[in-house]
Amino acid sequence: MAQALSHLRRPGLSKSRISAFEQCPRRLWQQVHARERSDVDASTQMSFAAGHAVGDLACSQIADGIMVEAEPDLQAALTRTAELVAIADRPIFEATFEHEGVLVRVDILVPERSAAGVAWHIYEVKSSGSAKSYHIGDLATQYWVIANCGVTIASASIRHIDTSFVLATPDDYNGIFSDAPLMDQISGIAATRDAMIEDIQEMLAGEEPVCTTGTHCSSPFACEFSSHCSSLEPAGPEWPIGELPNTGARLAEKWSAESVFEIADLPEDAGLNPLHTRIKHAVRTGEVYLDSDGVRQATAGWAFPRIWLDFETIGFAIPRWVGTSPYGQVPFQFSAHVEQADGELIHVEALDLSGRDPREPIASALAKLPREGAVIAWNAGFERRCLRMLAEAVPCHREALFSLAERTVDLLPVAKAHYYHRDQRGSFSIKAVLPTLLPDLAYGDLAIADGGDAQLAYVEATDPGCSGERRAELAAGLVAYCERDTLAMVEIYRELSGR
Ligand code: SF4
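Rules and cut-offs
Residues numbered from 1 in each chain as written. Predicted model: local features only at pLDDT ≥ 70, side-chain atom pairs only at ≥ 80, totals over all residues. Heavy atoms only, no water. Helix = DSSP H or I, 4+ residues; strand = E, 2+ residues; numbered from the N terminus. Buried < 20%, exposed > 50% of the residue type's maximum accessible area, 1.4 Å probe, protein only. Areas by Shrake-Rupley, 256 points an atom, 1.4 Å probe, with all protein chains shown as cover. Lys, Arg positive; Asp, Glu negative; His and termini not counted. Charge placed at Lys NZ, Arg CZ, Asp CG, Glu CD. Domains from an automatic or database assignment. Contact = heavy atoms within 4.5 Å. Buried area = accessible area lost by both parts, 1.4 Å probe. Salt bridge = Lys/Arg side-chain N within 4 Å of Asp/Glu carboxyl O. Polar contact = N/O pair within 3.5 Å; in protein donor to acceptor, adjacent residues only side chain to side chain. Pairing = 2+ DSSP bridges. Axes fitted to C-alpha atoms, helices over the stretch in contact; angles between N-to-C directions.

**Some remarks on the overall build of the protein chain**
Helix and strand content of the protein chain: 18 helices and 14 strands. Principal axes of the C-alpha set define a box for the protein chain whose edges measure 80 × 60 × 40 Å. A total of 499 residues make up the protein chain; the buried ones form 48% of that total. Surface accessibility of the protein chain: about 23,700 Å² in total, with carbon and sulfur atoms responsible for 51%. Averaging the positions of the 42 positive and the 70 negative side-chain charges in the protein chain gives two centres separated by 3 Å.

**As for the domain arrangement of the protein chain**
If you check the domain split of the protein chain, you get domain 1 (13–205), domain 2 (245–286) and domain 3 (293–497). Inter-centroid distance (C-alpha atoms) of domain 1 to domain 3 is 40 Å. Contacts between the two partners involve 19 residues from domain 1 and, on the opposite side, 13 residues from domain 3. For the pair domain 1 and domain 3, the two sides together bury roughly 1,200 Å², of which 74% comes from carbon and sulfur. At the boundary of domain 1 with domain 3, the tally comes to zero salt bridges. Summed over the shared surface of domain 1 and domain 3, the number is five residue pairs in polar contact (both at pLDDT 80 or more).

**Points about the sheet that holds strand β9 (residues 306–314)**
An order of β11-β10-β9-β12-β13 is seen for the five strands of this open sheet, with the pairing classed as mixed. Either end of the sheet is taken by a strand with one partner, and the two such strands are β11 (345–351) and β13 (408–410). Ignoring strand direction, the axes of neighbouring strands in this sheet form an average angle of 30 degrees. For strand β10 (residues 330–339) and β11, the ladder comprises seven bridges, and the chain directions are antiparallel. Bridge pairing in β11 links Q333 to L351. This element, helix α12 (residues 359–366), spans β9, β10 and β11 of the sheet and lies at about 15 degrees to β10. Lying on the sheet, helix α17 (residues 451–461) is in contact with β9 and β10; it crosses β9 at an angle near 60 degrees.

This is the structure in structure tokens:
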């Protein structure tokens, strides 16, 4: 097997570029012709870093593997791969192959010798908790390139994180991966690659293709050219049917066939459910729907002292603390506003940025909350799960934490049943509801303004390289954000109930 880079008068392709083409030809055209794109945000950078860490861990679990470096250049990587494949005496990491201008680097390639000769097992490492449908295309591209380089393939699998893994011993990650064998599914797709590559090269040689925006712009990946494409399209409906909660996308598709795009234009006999009917009325008239009597009745049983509670959590692909699992959410912060019957509020909080397992200090602080009264959260299933998880993890506070979980009630369905402002745009997240009731209390003045920011702040603050000054700044931002969440609940409730 001798490999040399094809003459790249045509744009070079990779499996990620082919994947971009499969999502949308225009996306690949934009990538190749370097039009303006959104910056890679911190959250995307964090997932790239997590992906690299998972890849490194997968390689570290394979004995005697050898890495093919991409330096000094890819031609050197191709040559080195050809040498290692010819010897076939050990696993290869980042083996590099090229066919018809498509370059692939294979995460793990493992040889198997038999009387019939050498065949290779391909493992593509993913940080996800399962093999996704878009991984199959990636694997098919690798198979197509490698097979066309004259290498015999025995199997091809996605090696992904097994989310049922629990870290039992520090740094012992044996068992964290699971393999999804996909050879049966990729050979048919690989057979289409020759024709697809021709189509791609033809498309790239031409003018920018016209593709209208739609659901494909965010799935399987958020497209980095959404601003560019949206700017070229006529303005959409002011209050699109797709904003209706739960079934909005399906309804939008159904009614677009009748050329109905606006919520207000849905006919009387459209068969809308009560919530959608209320939203339609709000959109059409601009009136706010508020049933304060209904709010008071629904919450009459919420005993004082009321504990308005919110957690911030972190989950890692590779769990850091014994007893935790991949992507298992671990609370590192909570805020609680404790409200007496006369309206007096006391704020209680805990934040752990030590980088050590935060469950014990957070559980200890929670256990000091009042032993009676309703615990109120927004979308309370999450807070209940956090409390139960902490109760199991920190047995000395088990009783207090289970009691908090059992007393937890949910403000979200109360708001959903008794309030709507059209500026919520179909959403009942606290961040959609708050500005419609209390614009001065919205999150615009905060350095950390959502849960994603909070997770990024946690990762940065617990990095050993973070300075004390920066850690203090992040801590202040986290405290302000989490406190705002619980204060917002209190004030939203007061507005809704007319108290
Ligand atoms: S925003 Fe949508 S239509 Fe535009 S390039 Fe991306 S995926 Fe294609």
